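# Architecture and fold: a report
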Amino acid sequence: MSMKEKVHTCPLDHELELKEYKKQYMCDGCKEQGHGPRYRCEPCNYDLHKECMFTADTASHDFFKQCKFKFYDVPPKKCSDRHCNSERYCDACGKVVKGFVYHCKEKGWDLHPCCKNLQNKLHIDGIKFRLHEKVLSKCIWCKRKNPKGSVSGIRGWSYVSKCKNYHFHVYCGKEKVLDELQGRANGDDNRLAVEKLELPLQNSRGNGGTGVKYWKVVRVFFKTIACVLLGDPTITLASLVAELVLN
């Protein structure tokens, strides 16, 4: 739920145009990586995720029941003391908040604009996933309970399947796809589409999961989460799930 949409411009107040690119960029709003279509001011070399182009004064998320988030162009300070560590961390992905953010003053929670779009529940090929504050077992990808580089109290969300065979850090989903995209950065732009990535699969024995079908679900899950966090609206869950049938 969100209200009172604001349309952003570049610092020189130029209107931004939607560009249908298929490559990485750094969003000048939230200061996080993006991929694919973006809103851009060519003269100022200024890019925004769709979620940073159109922001709401207030917003909410199903994971934080009855909490209201307010939009800030600059992360609010934790205290007035100039010696205070003022860094804020996104409670969804666990990464530092450097720019645009939705902040809950009452609880001190923070969400990147793209992270706000993470669904509380996901269904992939009949498997039900739900957001948790932490994984119940080791993450399938990093083999750890706490994401690498996490800070005390801010580890980011995790998705856990109802069957308990799949445990994923949101942080890992974003970082692994970014690594793969970066490796292709010098290639043909058409090959950089997230849905075309072939993520390297880990050992097929882990957290109770084995077999080709298991790792196809893992791959579709990671790409689905990455599309949300990278602000790439051109990829649909339906097109990703098609991999389960075609591969």
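Structural notes, computed from the coordinates. (Residues numbered from 1 in each chain as written. Predicted model: local features only at pLDDT ≥ 70, side-chain atom pairs only at ≥ 80, totals over all residues. Heavy atoms only, no water.)

### Some details on unusual backbone geometry
Selection rule: Helix and strand assignments come from DSSP, with helices taken as H or I runs of at least 4 residues and strands as E runs of at least 2, each series counted from the N terminus.
The phi dihedral of Asp 13 falls on the positive side, at around 70°, and the residue is not glycine. Tracing the sequence through the fold places Asp 13 in the loop between strand 1 (2–7) and strand 2 (17–19). Despite not being glycine, Asn 45 shows a phi value in the positive range, around 55°. Looking at the element boundaries, Asn 45 is found in the loop between strand 5 (38–41) and strand 6 (46–48).

### What to know about the sheet that holds strand 15 (residues 158–161)
The line we're drawing: Here, any two strands with at least 2 DSSP bridges between them count as paired. Under this scheme, a helix contributes an axis fitted over its contacting stretch, all axes are lines through C-alpha atoms, and angles between N-to-C directions fall in the 0 to 180 degree range. What makes two residues a contact is simply this: any of their non-hydrogen atoms within 4.5 Å.
Read from one edge to the other, the open sheet built from four strands follows the order 13-14-15-16, with strand pairing classed as antiparallel. The open sheet has two edge strands, strand 13 (121–124) and strand 16 (167–169), and neither has a second partner. Ignoring which end each strand starts from, the neighbouring axes of this sheet average 25° apart. Bridge count between strand 13 and strand 14 (residues 127–132): four bridges; the pairing is antiparallel. Following the sheet pairing, Lys 121 is matched in strand 14 by Arg 130. Set on the sheet, helix 3 (residues 212–229) makes contact with strand 13, strand 14, strand 15 and strand 16; between it and strand 13 the angle comes to about 140°.

### Some remarks on the sheet that holds strand 2
Picture the strands of a sheet paired through backbone hydrogen bonds; they go either parallel or antiparallel. In spatial order, the strands read 2-5-6; together these three strands make up an open sheet with antiparallel pairing. For this open sheet the edge positions go to strand 2 and strand 6, each flanked by a neighbour on one side alone. Here the average twist between neighbouring strands, direction ignored, is 40°. Summarising the sheet, strand 5 and strand 6 pair through three bridges and their orientation is antiparallel. The residue of strand 6 that forms the bridge with Arg 40 is Asp 47.

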